Amino acid sequence: MTSLSSKNIWIQRQQCPCGDWKCFVAYEGNNEETAVASQLAKAKAASAEATVVPYVGMVFKSDDDAFEYYGNFARKNGFSIRKERSRLSPQLGIYKRDFVCYRSGFAPVRKKPSGEHHRDRKSVRCGCDAKMYLSKEVVEGISQWCVVQFSNVHNHELLEDDQVRLLPAYRKIHEADQERILLLSKAGFPIHRIVKVLELEKGIQGGQLPFLERDVRNFIQNRKKVVQENDALLNEKRENDIMELLEACKASKEADEGFCFDCSVDDNDKLEHIAWSCGNSVNAYTMFGDVVHFDTSYRSITYGMLFGAWFGIDSNGRMIIFGCVLLQDEAPRSFAWALQSFVRFMRGRSPQTILTDLDPGLRDAVRGELPNTKHITCIWNISPKVSSWFSVPLGCQYAEFRSEFDALHCVENTEDFELRWNEMVSQFGLGSDKHIALLYSIRTSWALCYTRGHFLARMTTVAFFRSVESFLKGIFSPNACLRSFFDQVGISANFQNQSHLEMQYMPSKACIPMEEHASSILTPFAFNALQNELVLAMQYAMSELADGSYLLRHYKKMDGDYLVMWITEEEQIHCSCKEFESSGILCRHALSVFIRKNYFQLPGKYFITRWRRESSRTCYDEPAPQDSDNEWFREYQSLSESLFTESSLTRGRTNYVRRELMKEVKRILEEVRSMPEIDGVAVDLTLSPTG
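Here the structure is a predicted model, which means the values were calculated and not measured.

J.: How should the overall build of the protein be read in this particular structure?
T.: For the protein, the count of helices and strands is 23 helices and 17 strands. Within the span of the protein, comprising 691 residues, buried residues form 44% of the whole. In the protein, of all internal contacts separated by at least 6 residues, the share reaching a separation of at least 24 is 63%. Of the roughly 36500 Å² of accessible surface on the protein, a fraction of 52% belongs to carbon and sulfur atoms.

Pasting the structure below:
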C-alpha cells in the first residue's frame, strides 16, 4: 500500500446529513469504492468465463497470464492455488513455473520450544496433487509459456462458491478499503463497527465483504506502526505545505491586484482555513453573481481539509469559478467563515440564490450569514442519497418508490405535494424513517412547487451538474503538496473563466419575426433555450377568460393548464409556471400569447442583461491599456464583435464573412511578411486579438 505521506488523497464526503455515525452515503458514480466494486464484478465475470479446463500444450503469453487463468479456474471449482517453485537459467531467465493447489504438500514438522505454550494449529496441507506446470519457450524470437503437466485430481473436498471466497487467497483488502479502514480506525471506530460501516457504504448484506473481520484486525495491527510514523510525517508535511500555500496566495496577490485571499488561525496560532479568488472571478461575479452553487463534496484524507468551491454560469451557459476555500472541519462556524470571506471578496454583495448540498451545518451557516439569499438544494444533490437510503430497506419496492419520489419533485402546487407526500409515506411504511423526515423538513429547498419563481439561471440542469463534476474530477488528481493543488485549481479556473466568442450560425425553427429579433440580442445559449420554447408554443391552445387572462392547454394534454396574466398598458405578462422568474427566459405559454397578439418583437424587458450578447463581452474585460500602441487592438476588438453579431443572423452572412475574411487575412499576412522585420523601434504588444 502506498504511504499516506506520498500523495494527496481526495474522497467524496460520506457522512450522512441525518447525523447518525452509522449512516453513510454510498455515491453512484466513478468514485474509488465504486471502481473497486466494478473491478470485483469484472473479476467474477472473468472467473465465470474461465470454463475451459487447462490442458497440456495450452499456451500463454506470460507466466502471470497463466497464473491468473489458473486462479480463475480454481476459484470457479472450489479451491485456490499458490506458486511453488521456479527454475532459472542464464539464457532464458525464469524458464519453469510450478503452480499447485493450496493444499499441496505437507506442513514441515517443527519442534516446540521448551517452556512455552504454543497453540496447535492444524495445517490445511494434505498432499493434494492438483497442479499446473509450465515451461518457457522462445518461438521466432517471441517467448511464450506452455503447459507441460496438468492434474485436476484433488484428495480433499472442494468448496461451494459462498465458501471459496473466504479462502485466504481471495480475501483481499483493496487499496480504497484500506484507506477507509485506516481513517475509521484513526477516528476511534472498533473493528466490528468498521466492518459494519463498510457494509453500509457498499450497500451489501452482513458478511458479504471480500474479507473477514479478523483480516481487518490483522491489517490494522500490521499497519499500526507505519500509521504512527506517517502521522508524524504528515503533521510536519501538512504544516509546511499550508505555509507554502499561504506564500503562493501572497505571490498571486502581487501578480494580480484583483486576487484576494483570507485565512484564519486556531488557538495554537496554526492556520485552519484559507479562501481565495482571482481578479477575473470577482469581475465575472458583478455580472453573473445572482446565482451561486457552493460545492463542498470533497475532502482530503491526507491533509484532513474540506475543499469548497463557488461556481456560477455565464451568459454562454459555461460554468465559471468565483472562488475556493479549504476548511479544517465541517462545523457550522467554519462554513460561516467561508461565506463571510466569499461575500467580502465579492465586495459585500450576497447572491440572490445559493445552491448547496444537504449538509445541516452548511444550511445553518447560510441561514445565519446570507439571510436574504434563497437557499436551494438541487435534486442532483439529493438523488444519490435517496438511492443509498432506501434501495436496501425497500428492496423490490424501491423502483416504485423512486418513481413516486421523482414525480413528487415536479408536482405543480404545494397542496398536491403535501397530499401525495403523506400518501407515499403511508404506502411504503416510512412514517418513522429519519431520512424521510429530513427530506420533508427541507422540502422548501428542493421541491419545485416551493422553489418555483426563485431565480436559478438554468443552473439546476444536468449539463451544469456534469460540468461541475468534470471540473472537480480534473483537479483532484494525487498531488505531492497543497501548492501544486492550488496551481492546478488556478489553471483550471482560468481556463473555464476565459470568454471565447464563437461565430455560430443559429438556424430558424419557428420562422417568425420574433425569433429573428431575439437571435440578434441573446447569446446562442440563451437564444437556443428561447427558440425551443417558441417551437413548443405552437402546440398550445389558448382560451381567453372573462377577466382578460388566458388559459393555455397542450393539444395532447401532456401537462396541466397554465394561467397567463396579461397587463396591456404595461406590456407585462405573468405565467403560473414562473419559468421567466426562474430562468430569465420566457416560457412557451407566455410566448404563445405574444404570438397570438401579433407581436413581431418581444418587449426589451424580457431580454434580461445576463443573457444578452454584450454581457459576455464586458464582464471579463480588464481595464484597457493606456498605451496608444494598443489602441488598434481595442478598435479591432470592437469591430470584430460587431462583425460577429451581424454575420451570425443568417447562414448567408456567415458564409460571406468567412469567405471574405479569409481572403483579407491572407492578403494582409503576405504584406506584413514582405515588410522589414526590424525598423529600430520596439513595440511592446501585451495583448493579442485572441487574448
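Okay, back to it.
J.: It is not clear to me how the nonpolar core should be interpreted in this structure. Could you clarify?
T.: Generally speaking, a soluble globular protein has its nonpolar side chains buried in company with each other. One finds F307 and L326 to be the most contacted residues of the largest nonpolar core, which totals 74 residues. No other element matches the six residues that helix α18 (residues 524-537) contributes to this core. Counting residues in each nonpolar core, the second largest holds 28 residues, with A275, F335, M346 and A365 among its members.

J.: I would appreciate a short explanation of the environment of S583 in the present structure.
T.: Positionally, S583 belongs in helix α19 (residues 579-583). With a relative accessible area of 2%, S583 lands in the buried category. If near-sequence neighbours (up to four positions away) are discounted, S583 is found in contact with F455, A457, R458 and W611. Separated by 2.7 Å, the side chains of S583 and E579 make a polar contact. Here I585 takes part through its backbone nitrogen, which lies 3.2 Å from a polar atom of the side chain of S583.

J.: Help me out: how do you make sense of the packing of helix α10 (residues 379-394) against helix α11 (residues 398-409) in this one?
T.: Packed helices, taken two at a time, are described by the angle between their axes plus the distance between the axes. It is at 10 Å that the axes of α10 and α11 come closest, and there the two elements cross at 150°. One way to sum up the angle between α10 and α11 is to call them roughly antiparallel. The two elements α10 and α11 cross, and the hand of that crossing is right-handed. Counting all contacts with α10, which are made through I379, I382, S383, V386, S387, F390, S391 and L394, the residues of α11 involved are Y398, F401, R402, F405 and H409.

J.: Got a minute to help me understand the pairing of strand β6 (residues 142-151) in this structure?
T.: Look at any regular strand and the pattern is simple: side chains alternate between the two faces of the sheet. Where strand β2 (residues 59-60) meets β6, two bridges bridge the pair, whose relative direction is antiparallel. Paired with V59 across the two strands is C146, which belongs to β6. Alignment of strand β5 (residues 131-139) against β6, held across nine bridges, turns out to be antiparallel. If you follow K131 over to β6, its bridge partner there is S151.

J.: Explain the confidence of the model for the protein to me, please; I cannot follow it from the model alone.
T.: Caution applies to low-pLDDT parts of the model: their predicted coordinates are not meant to be read in detail. Overall, the prediction assigns the protein a mean pLDDT of 81, with 81% of residues at 70 or greater. Considering only residues more than four positions removed or in separate chains, one finds that residues 680-691, a stretch of pLDDT under 50, has 12 contacts.

J.: Whenever I open this one, the environment of G203 confuses me. Can you help?
T.: Inspection of the secondary structure assignment puts G203 in the loop between α5 (191-202) and α6 (213-255). A sequence separation of 186 residues divides G203 from W389, and the C-alpha atoms of the two residues are 9.3 Å apart.

J.: Quick question: what am I supposed to make of the sheet that holds strand β17 (residues 572-575) here?
T.: The strands making up a sheet associate through hydrogen bonds between their backbones, and the pairing can be parallel or antiparallel. Judged by pairing direction, the sheet is antiparallel, and its four strands sit side by side in the order β14-β15-β16-β17 without closing on themselves. With one partner strand each, in any of the chains shown, β14 (540-544) and β17 form the two edges of the open sheet. On average, each strand axis in the sheet is tilted by 25° relative to the strand beside it, whichever way the strands run. Strand direction decides the pairing type here: β14 and strand β15 (residues 550-554), joined by five bridges, are antiparallel. The residue of β15 that forms the bridge with E544 is Y550. Across the sheet, helix α20 (residues 588-596) touches β14, β15, β16 (562-567) and β17, and the angle it forms with β14 is around 65°.

About the thresholds
- Residues numbered from 1 in each chain as written.
- Predicted model: local features only at pLDDT ≥ 70, side-chain atom pairs only at ≥ 80, totals over all residues.
- Heavy atoms only, no water.
- Helix = DSSP H or I, 4+ residues; strand = E, 2+ residues; numbered from the N terminus.
- Buried < 20%, exposed > 50% of the residue type's maximum accessible area, 1.4 Å probe, protein only.
- Contact = heavy atoms within 4.5 Å.
- Areas by Shrake-Rupley, 256 points an atom, 1.4 Å probe, with all protein chains shown as cover.
- Core = buried A, V, L, I, M, F, W, Y, C linked by side-chain atoms within 4.5 Å.
- Polar contact = N/O pair within 3.5 Å; in protein donor to acceptor, adjacent residues only side chain to side chain.
- Axes fitted to C-alpha atoms, helices over the stretch in contact; angles between N-to-C directions.
- Parallel < 35°, antiparallel > 145°, perpendicular 65-115°, else oblique.
- Left-handed = near helix turned anticlockwise from the far one by under 90°.
- Pairing = 2+ DSSP bridges.
- pLDDT = per-residue confidence, 0-100.

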